[in-house]
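Each chain, letter by letter, is given below.
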Amino acid sequence: MDRSNSEPPQKRRKSADGRPAGERSQRSPERSPPKGSRSPKGSPEWLRNVTGMPVPPGKLPSPATPELKRHWEDLSHLCNAAQSVKGKQKQLFDFSVMSYNILSQDLLCDNTYLYRHCHPPILDWRHRYPNIIKELEQHSADIMCLQEVQEDHYKQQIKPSLESLGYHCEFKRRTGLKPDGCAVVFKRERFSLVSCHPVEYFRRGVPLLDRDNVGLIVLLRPTDPHSSLTNICVANTHLLYNPRRGDIKLAQLAVLLAEISRVAQLPDSSVCPVLLCGDFNSVPWSPLYRFIRDSRLEYDGLPIGKVSGQEENPRGQRILNVPIWPTSLGISQQCQYESETTDSDMRDLEQAELDGIAKPSIEHCLKLTSAYSHYLKESGQPEITTCHSRTAITVDYIFYSAALGDVTAQAECSVPPEKGLQLLGRLALVGEDELQKVNGLPNQHNSSDHLPLLTRFRLHP
C-alpha cells in the first residue's frame, strides 16, 4: 500500500516475536486502510469494544478461551457413483486441499492496531508457531497453499517441520522489502512435481503493476501406478489489500490467469484441472469474484473502489480505464499471453469498444467454481474467513475446475469429468456469532487472523 494512504504508524513496543523493533525491516503497514476510510464492511461492535488486557509475560488468560467448533460437510453422497469401463471399476483419486493465510509475524507487529482485542501473549511467535504447525499436521492436507509465510520462519522452522511430515515445499517471496510470500506444499507420497512457476506481479515501466505481491503455480502429477490420471495445476496467490485499487488487483489477477492458462494447457488446447487458492482481498459476489467465477467481467463505468467490495461506501468516483492494463503488458483482454500478430486485433477491439459496438470487458478461459457457498447452511449468515479488530469478512477462496455433474457448479462452468474435479466435502466455516464466543481471531487456539479452508476432491481417470 502507498505510504501516503496509510494510517500513521502505531507507537512501537517490543516485537511480539521477541526481537527488538529495530531489528525488523521498516515498512508501511500492509493492512492499514487509507486514512479516513471506513472499516471494510464495518467492524463488529463486539470486536471494537474488546481491548487487550495486561497479562504477565508467558501467562495466557484465564479462564481459557473455548475452542472454535468446525464440522466436516460431507458431499460425497451427492457425487456420481464410481464409473466403470467394460465391467472394471475406474481407479478414482481422492485428495485434500487447504488454503491458509497464516499471518506473517512481521505484518502482525507492523499492524498491532488490528489486534487490540487480543491478549498479548497469544501474538508471540513462540506461541503461534506450535499452534500453526499443530493445525497443519492435524488436517494433514495432501496439498497446502499458504500465504503470508515469512521467509526466515519458513527456512528455519516451517519447511523443516513440513518436510519431516513427508511434504515437498515450494516458496516464492514477495518482491521488494517485505519478507513474506506464498508457499505450496504437497505430500510426496501422493504427488510428484512436474514444474514450478513463480509469478511476480511487479512490472518495471508499468505503473499499474508496481506492487510487490506474488503468486506461485505448480504442476503436479498424481501418484498413479496405471498412469491414467491427468496432471493438476495448483495456483496460490495473495493479491493487493488496498480496497481502493481494484484496477491493480484485476491486473495482478490477469497476470496470474495468463500464466495458469499457459502452464495448464494440454495438447488439444484445453486445460488440465485447475485449483486456484489464496487470499484475494475481495468479498463474495464482488466484481473481482464474479470475474473469476463467471469467466467474464463487463466493467464499463465501474468505480475502482467497488471492484473488491471490501468497503460498503468507498470514497472517490474514479472508474476503471479502458483497457484496464496497457497493451505493453503483453496480456490480452482474454488473459492470455499475446503475440505480436494479435496487436492489430487488440487495437480493433479497443476501437470497437470506443465506438459503442461492444462493452469493455475482460475474460478468461478457465471454468472455475468456488468450493464454499459463502453462506452458513443453518442460519443463512455470511461465512467468515478473516477476522480482526476492523473487520470480519470472507476474502479467502479455493476455486476449482468442476467436473460435469459436480453438485456445486453451474452447468456452464463444468468441464468433462476427466478434465475436472468433484467436490467431496469441506471443513465448514463459521459466522460472527461463533467467532464472538472465542474472542475473535487470533485467539488462544487459532493463531492467525484467517481460518484455514479445507476441501476434498475426486479426480477421475
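Residues numbered from 1 in each chain as written. Predicted model: local features only at pLDDT ≥ 70, side-chain atom pairs only at ≥ 80, totals over all residues. Heavy atoms only, no water.

> Help me out: how do you make sense of the nonpolar core in this one?
A general feature of soluble globular proteins is that nonpolar side chains tend to end up buried together. Core analysis: the largest hydrophobic core is formed by 60 residues, its most contacted members being Phe95, Leu136, Ile143, Met144, Val234, Leu275 and Phe457. Beyond its immediate sequence surroundings of up to four residues, Ile143 is in contact with Phe95, Ser96, Val97, Met98, Val185, Phe186, Phe191, Leu220, Val234 and Leu275. One finds Ile217, Leu257, Ala264 and Leu366 within the second-largest nonpolar core, a separate group that totals 48 residues. (Core = buried A, V, L, I, M, F, W, Y, C linked by side-chain atoms within 4.5 Å. Buried < 20%, exposed > 50% of the residue type's maximum accessible area, 1.4 Å probe, protein only. Contact = heavy atoms within 4.5 Å.)

> Looking at this structure, how should I read the pairing of strand E20 (residues 421–427)?
Each regular strand shows side chains that alternate between the opposite faces of the sheet. Taking burial as the measure, the seven residues of E20 include seven buried ones, the bulk of the element. Judged from the three bridges that link them, strand E1 (residues 72–74) and E20 form a sheet pairing that is antiparallel. For Trp72, the partnering residue across the bridge sits in E20 and is Leu427. Here five bridges tie E20 to strand E21 (residues 453–459), and the two strands are oriented antiparallel to one another. Bridge assignment links Gly425 to a residue of E21, and that residue is Arg456. (Helix = DSSP H or I, 4+ residues; strand = E, 2+ residues; numbered from the N terminus. Pairing = 2+ DSSP bridges.)

> Looking at this structure, I do not really get the pattern of salt bridges. What am I missing?
Two side chains of opposite charge can pair, provided their charged atoms sit close to one another. Within the structure shown, the criterion is met by 19 salt bridges. In this structure, Asp212 engages Arg174 in a salt bridge whose closest nitrogen and oxygen atoms are separated by 3.1 Å. Of the two residues, Asp212 is situated in the loop between strand E8 (191–200) and strand E9 (214–222) and Arg174 in the loop between strand E6 (167–173) and strand E7 (180–187); the sequence distance between them amounts to 38 residues. With a relative accessible area of 15%, Asp212 lands in the buried category. Classification of Arg174 by relative accessible area gives buried; the value is 6%. Among the ionic pairs, Asp210 bridges to Arg211, the shortest N-O distance being 2.8 Å. For Asp210, a relative accessible area of 40% translates into the label partly exposed. We classify Arg211 as buried; its relative accessible area is 8%. Linked through salt bridges whose partners overlap, the residues forming this network are Arg174, Lys178, Asp180 and Asp212. (Salt bridge = Lys/Arg side-chain N within 4 Å of Asp/Glu carboxyl O.)

> Help me understand helix H6 (residues 287–294) in this model?
In an α-helix there are 3.6 residues to a turn, and that puts residues three or four apart on one side. With respect to burial, H6 is a largely interior element, six of its eight residues being buried. Turning to H6, its buried residues number three or more, namely Pro287, Leu288, Tyr289, Phe291, Ile292 and Arg293. Packed against the buried residues of H6 are helix H5 (246–263), strand E11 (274–279), strand E12 (296–298), strand E13 (361–363), strand E14 (369–370) and strand E17 (396–400). Of the residues one or two after H6, Ser295 is the one with positive phi, at around 70 degrees.

> Would you explain the sheet that holds E9 in this entry?
What links the strands of a sheet is backbone hydrogen bonding, and the strands pair in either a parallel or an antiparallel sense. Spatially, six strands are ordered E8-E9-E10-E11-E17-E14 in an open sheet, and the strand pairing comes out mixed. The sheet is open, and its two borders are formed by E8 and E14, each paired with just one other strand. For strand E10 (residues 232–238) and E11, the ladder comprises six bridges, and the chain directions are parallel. When the sheet's bridge partners are listed, Thr237 is paired in E11 with Gly278. Along the sheet, H5 makes contact with E8, E9, E10 and E11, crossing E8 at roughly 150 degrees. (Axes fitted to C-alpha atoms, helices over the stretch in contact; angles between N-to-C directions.)

> Mind showing me how you'd approach H5 here?
Helix length check: H5, at 18 residues, gives a terminal C-alpha distance of 26 Å against a target of 26 Å (1.5 Å per residue), a fit within 8%. Among the 18 residues of H5, 17 are classified as buried, and the element is accordingly described as predominantly covered. (Expected span 1.5 Å × (residues − 1).)

> It is not clear to me how the packing of aromatic side chains should be interpreted in this structure. Could you clarify?
The description of an aromatic ring pair rests on the distance of the ring centres and on the angle between the ring planes. Counted by the stated rule, this structure contains 13 aromatic pairs. Judged by centre distance (5.8 Å) and plane angle (40 degrees), the rings of Phe93 and Phe95 are tilted. Of the two residues, Phe93 and Phe95, both sit in the buried class. Consider the rings of Tyr289 and Phe399, whose centres lie 5.8 Å apart with planes at 50 degrees: the pair is tilted. (Phe/Tyr/Trp six-rings, centres within 6.5 Å; stacked < 30°, edge-to-face > 60°.)

> I tried to follow the side chain of Arg128 on my own but got confused; where do I start?
Following the sequence through the fold, Arg128 ends up in helix H3 (residues 125–139). Once residues lying within four places of it in the same chain are set aside, the contact partners of Arg128 are Ile102, Leu103, Ser104, Gln105, Leu108, Ile122, Leu123, Ser447 and Ser448.

> Is there a simple way to explain the packing of H5 against H6 in this structure?
Two measures define how a pair of helices packs: the angle their axes make with one another and the distance between the axes. Between H5 and H6, whose axes approach to 11 Å, the crossing angle comes to 20 degrees. Here H5 lies roughly parallel to H6, going by the angle between them. The handedness of the crossing between H5 and H6 comes out as right-handed. Side by side, H5 and H6 meet where Lys249, Leu250, Leu253 and Leu257 of the first sit next to Leu288, Phe291 and Ile292 of the second. Classifying every residue of the contact of H5 with H6 gives six nonpolar, no polar and one charged. (Parallel < 35°, antiparallel > 145°, perpendicular 65-115°, else oblique. Left-handed = near helix turned anticlockwise from the far one by under 90°. Nonpolar A, V, L, I, M, F, W, Y, C, P; charged D, E, K, R; others polar.)

> Please explain the environment of Val415 as it appears in this structure.
Relative to the assigned elements, Val415 resides in strand E19 (residues 414–415). Residue classification places Val415 among the buried positions, given a relative accessible area of 16%. Between the C-alpha atoms of Val415 and Ala402, which are 13 residues apart in sequence, the distance is 6.3 Å. For Val415, the residues in contact, after removing those within four places along its chain, are Lys367, Ser401, Ala402, Ala403, Leu404 and Gly420.

> Explain the environment of Leu256 here, please?
Tracing the chain through its elements places Leu256 in helix H5. The class of Leu256 is buried, set by a relative accessible area of 0%. In sequence terms Leu256 and Glu200 are 56 residues apart; their C-alpha atoms lie 8.7 Å from each other.

> In this structure, what is going on with unusual backbone geometry? I would like to understand it.
Both trends apply: most residues other than glycine have a negative phi, and most peptide bonds are in trans. Residue Pro323 is bonded to the preceding Val322 through a cis peptide linkage, with omega at -5 degrees. By the element assignment, Pro323 lies in the loop between E12 and helix H7 (343–354). The residue after Leu441, namely Pro442, is reached through a cis peptide bond having omega -15 degrees. In this structure, Leu103 is a non-glycine residue whose phi angle is positive, near 70 degrees. Within the secondary structure layout, Leu103 lies in the loop between strand E4 (93–101) and helix H2 (105–110). Since its relative accessible area comes to 1%, Leu103 is described here as buried. In this structure, Trp285 is a non-glycine residue whose phi angle is positive, near 70 degrees. Here Trp285 shows up in the loop between E11 and H6. Using a relative accessible area of 30% as the deciding quantity, one classes Trp285 as partly exposed.

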